[in-house]
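Listed below, chain by chain, are the residues.
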Amino acid sequence: MRTIDLRSDTVTHPTPEMRQAMVEAELGDDVLGDDPTAQRLEAMAAERMGKEAAVFVSSGTMGNLLAILSWCNRGDEVILGTEAHILWHESAGSAAVAGTLLRTVPNDAGGRLNPADVEAAIRTYRGGVSPTGLVALENTQNRCNGAVLTAADTKAVADVAHNHGLPVHLDGARIFNAAVALGVPATDLTEEVDSVTFCFSKGLSAPIGSALCGSFEFIERARKGRKMLGGGMRQVGVLAAAGIIGLEQMVPRLAEDHENAQRLAIGLAKVPGIVIDPASIQTNIVFFEWQGGPGSDFLAKVNERGLKISGAAPRFRMVTHWGINGEDVEEALEKIEAAAKEAVAAKV
Ligand code: TLP
């Protein structure tokens, strides 16, 4: 039986062009500053984000952690959304490694932070107060159905932070999905932030890696932090070569993933037991709620039909990506429908 894997866009394998580029990549020792392919990727990443410099890191998690380490002192607070990936999925590195405290303000359904909430959460050192060191945004906002923040949403929060002398970091793991969904260059969405992480290993389909981008001075600090974390990689051009192809070839096709996600959402809305508002799906991430009985039964029935999804009951997730076409979406919907029918019937 063929498996359709919609757990994440992280499951993508390198494209044939990437594999070829990896084989042919010109290499050097990057810790010694000698890898031309890594340098080319970093220059491209900085340019695509409208920043002075970039550093190639092993993952989005490492990029976000390095941003926190590079902006904050130990004992500082980071203000971010209640649904932030940094809070939910990064193994508390912000606390365990960077020694910072996460202070949350609510994300609205569109993934936005209310600037007034951010302002109210900012604290300066006095007595036992831990001061704010950084404000962090996320675009697209994964847990808010991959919602897109506009340039105006970003600026509204960045203005508040900057008025208080605070830097802003953007977890832009899927920033190109946001840019494609809005039909704007990614630089429009990063202009107001001081640092940004984006991933090569999600919709862009490269096997490994992310970039952290910012000013020359900030990236120098981040490079030191990367080495400290054991993230200095030697002939890393083999990985950077795939990232270059991702940037050159894979960005415009993200629109296809968004269309497939919309198709998926519309189909899911017709399945008894499933609750979803297709209008809330803006990019390639499709969360839905299962209300047809025990979630573990439903998930088992989905999996036994050769469909992989992620999330935890009652909130499951499907993510479209390179390698998933319209027919796969139809087949996934058939599998979900059959699993749902059987799960509902088993309940009564
Ligand atoms: N997200 C993964 C899981 O960790 C949930 C996924 O499958 O979506 N920021 C955002 C917004 C992310 O969605 C992710 C990965 C990361 C950072 C971390 O990237 P990696 O996995 O490269 O450390």
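Chemist: If you had to explain helix α12 (residues 254–268) to someone new, which residues and values would you point to?
Modeler: Between its first and last C-alpha, α12 extends 21 Å over 15 residues, near the 21 Å set by a 1.5 Å rise per residue. Of the residues making up α12, those classed as buried are L254, D257, H258, N260, A261, L264, A265, G267 and L268. Taken together, the buried residues of α12 touch α8 (175–182), β9 (274–275), β10 (285–290), β13 (315–319) and α14 (326–347).

Chemist: Quick one: what's the story with the site of the ligand, residue by residue and with numbers?
Modeler: Neighbouring the ligand are 15 residues; S8, T61, H85, D171 and R174 lie closest to it. A distance of 2.8 Å separates an oxygen atom of the ligand from a polar side-chain atom of R317. For the ligand, whose accessible area on its own is 520 Å², the fraction buried by protein is 82%. Counted by class, the shell around the ligand contains one nonpolar, eight polar and six charged residues.

Chemist: Could you give an account of the sheet that holds β10, naming the residues involved and the relevant values?
Modeler: Spatially, the four strands line up as an open sheet ordered β9-β10-β13-β12, and their pairing is antiparallel. In the strand order of this sheet, the two ends are held by β9 and β12 (310–312), each with one partner. Here β10 pairs with β13 via five bridges, running antiparallel. Residue pairing for β13: I285 is matched across the bridge by V319. Sitting on the sheet, α14 touches β9, β10 and β13, and the angle it makes with β10 is about 15°.

Chemist: How would you summarise the domain arrangement of the chain if you had to cite specific residues and measurements?
Modeler: According to the domain assignment, the chain contains domain 1 (13–250) and domain 2 (253–347). With centres defined by C-alpha atoms, the gap from domain 1 to domain 2 works out at 29 Å. With 20 residues of domain 1 at the contact, the number on the domain 2 side is 14 residues. At the boundary of domain 1 with domain 2, total buried surface from both sides reaches about 1500 Å², with 54% on carbon and sulfur atoms. Considering only the surface of domain 1 that becomes buried against domain 2, N145, N177 and M250 emerge as the three largest contributors, covering 38% of it.

About the thresholds
- Numbers given for residues are sequential positions, taken from 1 along each chain in its written order.
- Under the rules for a predicted model, residues below a pLDDT of 70 receive no local features and side-chain atom pairs below 80 are neither given nor counted, while totals for whole chains, interfaces and linings still include all residues.
- Just so you know, side-chain values use all the structure's heavy atoms and leave hydrogens and water out.
- Strands here mean DSSP runs of E at least two residues long; helices mean DSSP runs of H or I at least four residues long; both are numbered from the N terminus.
- Under the convention used throughout, the expected extent of a helix is 1.5 Å for every residue step, that is, one less than its residue count.
- Only protein chains enter the accessibility calculation, which uses a 1.4 Å probe; a residue whose area is less than 20% of its type maximum is buried, one above 50% is exposed, and one in between is partly exposed.
- We call two residues in contact whenever any of their non-hydrogen atoms come within 4.5 Å of each other.
- Nearness is defined per residue: one heavy atom within 4 Å of the molecule or strand is enough.
- Each polar contact in these results corresponds to two N or O atoms within 3.5 Å; when the atoms are within protein, one needs to be able to donate a hydrogen and the other to accept it, and residues that are neighboring in sequence are counted only if both atoms are side-chain atoms.
- Note that accessible areas follow from Shrake-Rupley with a 1.4 Å probe, and for residues the cover is restricted to the protein chains shown.
- For this scheme, ten residues count as nonpolar: Ala, Val, Leu, Ile, Met, Phe, Trp, Tyr, Cys and Pro. Four count as charged, namely Asp, Glu, Lys and Arg, and the remainder, Gly too, count as polar.
- Any two strands are treated as partners once DSSP identifies two or more bridges connecting them.
- Here an axis means a line fitted to C-alpha atoms, over the contact stretch when the element is a helix, while the angle between two N-to-C directions is reported on a 0 to 180 degree scale.
- What fixes the domain bounds is an automatic or database domain assignment.
- A 1.4 Å probe defines the accessible area here, and the buried area is the portion of it lost by two parts on being joined, summed over both.

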